[in-house]
Structures are given as C-alpha cells and as structure tokens.
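Residue strings, one per chain:
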Amino acid sequence: MREDSYKHKGLRAQLVQHLRNNRGIDDEAILKAFSTVPRHFFLDTAFSEHAYADKAFAIGEGQTISQPYTVAVQTSLLGLQPGDKVLEIGTGSGYQACILLEMGARLFTIEYNRKLFERARKIIEELGYSANVYCGDGSRGLPSYAPFDKILVTAGAPSVPTALVDQLKVGGKLVIPVGNNRTQQMLRFTKVTENKIKKENFGDFSFVKLKGEFGWKEK
Ligand code: SAH
C-alpha cells in the first residue's frame, strides 16, 4: 500500500480548490470525493508529483488517466445518486471508478486492456472499495447486468453505440464523448421514456479512442 503523506493531502486540497475556484465545479459531493481519493496511487511512484496537476497523464499501454477537470465534468453530468447502478466503460487507471465508488455508486466497470484491468482491479480493492471489474469490450455495454441508472464512457467514440442506450433504465443517463480521433463532443443522453431520448451537448473534449466492436476499428 502506498503512503498518503501530508504533502499529498496538501496537494490534493489545492487541486480541490482549483476545481472549485477556477473550473466552476460546485457539487460538494464531487469535491469531497476528489479530496478523499488519493490520485497519486494511480500513477507510477516516479510520477507521483504529477498526480495533483489538472492534467491527463500517461498510465502505460498508450492510455491515460483522465484530467481531473474531465473526471469532475463527466461525474457531474451523470447526476449520480448514492446507490445508483453505474456502468463505466474504460476503467483505465481506476481513478474515475474510485470517485464513483466514493460517491456511493454500485459500480460495474470494464476495461479492454488486460494489464490495465489487472492493475486497476488491484488498486480499487487495496483502497477498500468493492466493484465489479471486468476485462473485455465495453463498446457493447454489459448486457447481462443491464439495465443501469447511469452509463459513463471514458474513451472517445466515433458514434453512439445503440447497445448502450438500450441498457439504460427509464430516467437513466449515458455520458459519452463522440467525435473524430482528435476532438469529441461531450454528449449526454437521457432516456425520458422507453421511446424518447433527450440529447444534450456539453462541448469539446479530447479522449483516447474507444476500441472494440462499436469503437474505432484497429488498423
Ligand atoms: N476512466 C479512466 C480513463 C482511462 S482512458 C481513468 O480514470 O483512468 C480510457 C480507457 O478506455 C483506456 O484504458 C482504454 O484501454 C479503455 N478502452 C478503450 N476502448 C475500450 C472498450 N471498447 N471497452 C473497454 N475499455 C476500453
């Protein structure tokens, strides 16, 4: 288990102040989760001083831990309530997963890359959270555990996989970045009734590519 020193706690408090004062994040439950989850545990020890900068960072296997601001925005768009059954697609480092768990989600999370999956599963457990962590193609969702209250995609998709909309409960929300391989629009779909979907756009972001059947085809 890594150490969570006063220095780390201090840097974490500064990151929370930054999200609040400069980035307009005002949801106290989200800010509390950010001040609790030790982000440096999700980076290699050599890079732990980068953990509390508001930046994305490489975690190996060509993937990144999302920027704190992006994690905060995606979490806020979900409108998470404690006890919500949530599917996260793209576990990556496991950091976003731990933010959702800290906020009381019943979490299912799926990662495509086996090495990242194993690392994330271990750290989520070490931090004392309980989640259902899977390795596989999340672009198809997780039909055997559907429906979900909330679905969060943390990689950029070329289009919206219909399977994900199908796996939402009525009243449920899907947050997914959709666009080309450089820029994506942060979209939120709300299943208003079984046949009515509301779509909202929250502007440009940049994510690594969603792979798999309904993601970008690998060359
Ligand atoms: N939520 C992560 C962000 C990781 S970046 C964090 O907090 O660190 C996006 C992740 O999505 C990468 O780890 C990538 O391997 C994964 N990914 C890409 N396509 C996927 C797919 N079809 N199914 C599951 N995971 C996928």
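Quick notes on the rules
- Residues numbered from 1 in each chain as written.
- Predicted model: local features only at pLDDT ≥ 70, side-chain atom pairs only at ≥ 80, totals over all residues.
- Heavy atoms only, no water.
- Salt bridge = Lys/Arg side-chain N within 4 Å of Asp/Glu carboxyl O.
- Buried < 20%, exposed > 50% of the residue type's maximum accessible area, 1.4 Å probe, protein only.
- Near = heavy atom within 4 Å.
- Polar contact = N/O pair within 3.5 Å; in protein donor to acceptor, adjacent residues only side chain to side chain.
- Areas by Shrake-Rupley, 256 points an atom, 1.4 Å probe, with all protein chains shown as cover.
- Helix = DSSP H or I, 4+ residues; strand = E, 2+ residues; numbered from the N terminus.
- Nonpolar A, V, L, I, M, F, W, Y, C, P; charged D, E, K, R; others polar.
- Contact = heavy atoms within 4.5 Å.
- Arc of directions from axis to C-beta.
- Disulfide = S-S within 2.5 Å.
- Core = buried A, V, L, I, M, F, W, Y, C linked by side-chain atoms within 4.5 Å.
- Phe/Tyr/Trp six-rings, centres within 6.5 Å; stacked < 30°, edge-to-face > 60°.

1. Quick look at the pattern of salt bridges
Reasoning step 1: Following the criterion strictly, the structure yields 12 salt bridges and no others.
Reasoning step 2: The partner of Glu194 in a salt bridge is Lys191, with the nearest N and O atoms 3.6 Å apart.
Reasoning step 3: A relative accessible area of 54% places Glu194 in the exposed class.
Reasoning step 4: Judged by relative accessible area, Lys191 falls into the buried class, the value being 3%.
Reasoning step 5: Connected via shared salt-bridge partners are Asp137, Arg140 and Glu213.

2. Here's the deal with the site of the ligand
Reasoning step 1: Near the ligand you find 26 residues, and of these Ser93, Glu111, Asp137, Gly138 and Lys211 are the closest.
Reasoning step 2: Residue Gly138 places a main-chain N or O atom 2.8 Å away from a nitrogen atom belonging to the ligand.
Reasoning step 3: A distance of 2.7 Å separates a nitrogen atom of the ligand from a polar atom in the backbone of Lys211.
Reasoning step 4: When the free accessible area of the ligand is taken as 580 Å², the share hidden by the protein chains comes to 99%.
Reasoning step 5: Of all the secondary structure elements, the ones that give two or more residues to the shell around the ligand are β2 (63-65), β3 (85-89), α4 (95-102) and β4 (106-111).
Reasoning step 6: Here the shell around the ligand takes 3 residues from β2, the largest share from any one element.
Reasoning step 7: Across the shell around the ligand, the residue classes break down as 9 nonpolar, 12 polar and 5 charged.

3. Some details on the environment of Lys169
Reasoning step 1: In this structure, Lys169 sits in strand β7 (residues 168-179).
Reasoning step 2: When the C-alpha atoms of Lys169 and Gly141 are compared, they prove to be 13 Å apart, with 28 residues separating the residues in sequence.
Reasoning step 3: Those residues in contact with Lys169 that sit more than four places away from it in its chain are Pro147, Phe148, Asp149 and Lys191.

4. Focus on helix α2 (residues 28-36)
Reasoning step 1: For α2, the complete set of buried residues consists of Ile30, Leu31, Ala33 and Phe34. Buried positions in α2, seen along its axis, are confined to an arc of 160° and lie on one side of it.
Reasoning step 2: Considering only its buried residues, α2 is in contact with α1 (6-21), α3 (68-78) and α4.
Reasoning step 3: At the N-terminal end of α2, a side-chain oxygen is found 2.9 Å from the backbone nitrogen of Ala29, two or three residues along, and the residue is Asp27.

5. A few points about the state of the cysteines
Reasoning step 1: Counted by the stated rule, this structure contains 0 disulfides.
Reasoning step 2: Cys135 provides the cysteine sulfur closest to Cys98, a residue in no disulfide bond, and the two sulfurs are 17 Å apart.
Reasoning step 3: In this structure Cys135 comes out as partly exposed when scored by relative accessible area, which is 26%.

6. Comments concerning the nonpolar core
Reasoning step 1: One finds Phe34, Phe42, Tyr95, Ile99 and Leu100 to be the most contacted residues of the largest nonpolar core, which totals 44 residues.
Reasoning step 2: Elements with a minimum of two residues in this core: α1, α2, β1 (57-60), α3, α4 and α5 (114-126).
Reasoning step 3: The residues touching Phe34, leaving out its near neighbours within four places in the chain, are Arg12, Val16, Leu19, Pro68, Val71, Ala72, Tyr95 and Ile99.

7. Some thoughts on the packing of aromatic side chains
Reasoning step 1: Tallying each qualifying case throughout the model produces 7 aromatic pairs.
Reasoning step 2: Relative to Tyr95, the ring of Phe42 has its centre 5.4 Å away and its plane inclined at 80°; by these criteria the two rings are edge-to-face. With Phe42 in the loop between α2 and β1 and Tyr95 in helix α4, this residue pair connects regions lying 53 residues apart in the sequence. An identical accessibility class is assigned to Phe42 and Tyr95; each is buried.
Reasoning step 3: Ring geometry for Phe108 and Phe148: centres 5.7 Å apart, planes at 70°, overall edge-to-face. With a gap of 40 residues between them, Phe108 in strand β4 and Phe148 in strand β6 (residues 148-153) connect regions that are remote in the sequence.

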